[in-house]
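The primary structure of each chain is shown beneath.
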Amino acid sequence: MMAISGKTRVCGVIGDPIEHTLSPTIHNAAFNHLGLDFVFLAFRVKTADLENALRGMRGLGIHGLNVTMPHKNAVTAYLDELDEAVKFLGSTNTILNKDGKLSGFNTDGVGALKALRENGIELAEKKLLLLGAGGAAKAIAFSLAKEVGELVVLNRADGKSKELAERLTITLDKKVVGDALTPDAIADNLQDSDVLINATSVGMNPAANQSIVPPQLLRSDLTVMDIVYNPVETKLAKNAKAAGAKVISGVEMLIYQGAASFEIWTGHSAPIKVMRKAALNKLSNAGERK
Ligand code: ATR
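Residues numbered from 1 in each chain as written. Predicted model: local features only at pLDDT ≥ 70, side-chain atom pairs only at ≥ 80, totals over all residues. Heavy atoms only, no water.

Asks: Just give me the short version of the pattern of salt bridges, but keep the residues and values in it.
Replies: Taken as a whole and judged by the stated rule, the model has 13 salt bridges. Note that Arg 219 and Asp 221 form a salt bridge whose closest N and O atoms lie 2.7 Å from each other. One continuous salt-bridge network, built from bridges that share partners, spans Glu 81, Lys 98 and Lys 101. (Salt bridge = Lys/Arg side-chain N within 4 Å of Asp/Glu carboxyl O.)

Asks: Talk me through the packing of helix H4 (residues 108-117) against helix H5 (residues 135-144); I want residue IDs and the actual numbers.
Replies: Viewed as axis vectors pointing N to C, H4 and H5 meet at an angle of 65 degrees, and their least axial separation amounts to 7 Å. For the element pair H4 and H5, the recorded crossing hand is right-handed. On H5, the residues touching Asp 108, Gly 109, Val 110, Ala 112, Leu 113 and Leu 116 of H4 are Ala 139, Ile 140, Ser 143 and Leu 144. Residues of the contact of H4 with H5, tallied by class, amount to 7 nonpolar, 2 polar and 1 charged. (Axes fitted to C-alpha atoms, helices over the stretch in contact; angles between N-to-C directions. Helix = DSSP H or I, 4+ residues; strand = E, 2+ residues; numbered from the N terminus. Left-handed = near helix turned anticlockwise from the far one by under 90°. Contact = heavy atoms within 4.5 Å. Nonpolar A, V, L, I, M, F, W, Y, C, P; charged D, E, K, R; others polar.)

Asks: Outline the nonpolar core, supporting the account with residue identities and numerical values.
Replies: Nonpolar side chains in soluble globular proteins tend to end up buried together. Core analysis: the biggest nonpolar cluster contains 58 residues, and Leu 116, Leu 130, Ile 140, Leu 151, Leu 168 and Ile 197 have the highest contact counts within it. Looking at which element gives the most residues to this core, the answer is helix H9 (residues 250-266), with 8 residues. Of the domains in this structure, domain 1 (9-106 + 253-285) and domain 2 (109-248) are the two that each give at least three residues to this core. The residues touching Leu 130, leaving out its near neighbours within four places in the chain, are Ala 137, Ile 140, Ala 141, Leu 151, Val 152, Val 153, Leu 154, Ile 197 and Ala 199. Of all hydrophobic cores here, the second largest spans 16 residues; its members include Leu 129, Leu 131, Val 152 and Leu 154. (Core = buried A, V, L, I, M, F, W, Y, C linked by side-chain atoms within 4.5 Å. Buried < 20%, exposed > 50% of the residue type's maximum accessible area, 1.4 Å probe, protein only. Domains from an automatic or database assignment.)

Asks: Account for the sheet that holds strand E12 (residues 246-248), naming residues and giving values.
Replies: Read across the sheet, 6 strands follow the order E9-E8-E7-E10-E11-E12 without closing on themselves; strand pairing throughout is parallel. On the outer flanks of this sheet lie strand E9 (176-180) and E12, each paired with one strand and no other. Taken pair by pair, the neighbouring strands of this sheet meet at an average axis angle of 15 degrees, ignoring direction. With 4 bridges joining them, strand E10 (residues 195-198) and strand E11 (residues 223-226) adopt parallel strand pairing. Bridge pairing in E11 places Ile 197 opposite Met 225. (Pairing = 2+ DSSP bridges.)

Asks: Residue-level account of unusual backbone geometry, with values.
Replies: Excluding glycine, most residues fall at negative phi; most peptide bonds, likewise, are trans. Cis geometry is found at the peptide bond from Asp 16 to Pro 17, where omega equals 5 degrees. Its location among the elements puts Pro 17 in the loop between strand E1 (9-15) and helix H1 (23-34). In the Ramachandran plot, Asp 99 falls in the positive-phi region, its phi being about 50 degrees despite a non-glycine side chain. Within the secondary structure layout, Asp 99 lies in the loop between strand E5 (94-98) and strand E6 (101-105). For Asp 99, a relative accessible area of 84% translates into the label exposed. The phi dihedral of Glu 125 falls on the positive side, at around 70 degrees, and the residue is not glycine. Tracing the backbone through its elements, the reader meets Glu 125 in the loop between H4 and strand E7 (127-131). On the accessibility criterion, Glu 125 (75% relative accessible area) is exposed.

Next up, the structure:
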């Protein structure tokens, strides 16, 4: 741990519950590695206290915050400036305090994009099949729609995937298809897809034995990314690996969205390897909360 000084800048994460967050582990490892005079803390903030928490951020000069469940949408109303992703999504995961002016960012989508790119996945002209239309899926769709040749979003509640596809088509001027998440729709779309992303919570501990995608549909020429990082290797990832597919774990998206926040707060390039190692250590020490 770096020594705390009179100039130490405070960053943190707000959410409820918050005690299992990996963010302090990841960011403090990065601050220490670069010798930055920053510290990162977790704050449990109840919904009724959100506005006070944001006043506290201004009053105490807290430099940066990550925002997680259940505050990602509500917090947006208290900010002074929003990036393009937040404007589209209405949801914020990163705040920067510039002399009392609070700027909101959403780094989930860019995190997914970098997780793919930095792991050598080409997206241009490719067909992406995205499962889910919740908060994380929306952020991924917003960042990836323009990068890929074709995007299909499937969601259990099909109104959500259809609405998301319509909004993306209008906002980005790029045709996106939204439909119901059915076994037939998965099979039909997966046939000619190059990249599959599971952005649903299916497969997360304690229900780690579940996967939406039948293993026989997975192929060696497919890239499969799961946003679930607990367990690090989901059932979908195991099946994809067995089929010879390229697999990118949810830890990659977690790390790259964190790296984007880190860069917003510090202006320094994030030490990805250090952050990944800290996250993986913490996940394995926690026994992945099986
Ligand atoms: P997050 O912020 O992690 O994206 P969320 O907004 O609650 O969380 O979204 C959860 C996603 O997982 C949704 O797409 C949800 O589908 P619905 O919109 O139909 O609820 C999806 N999901 C959760 N459990 C699921 C299940 N058993 N089968 C299919 N999809 C599921």
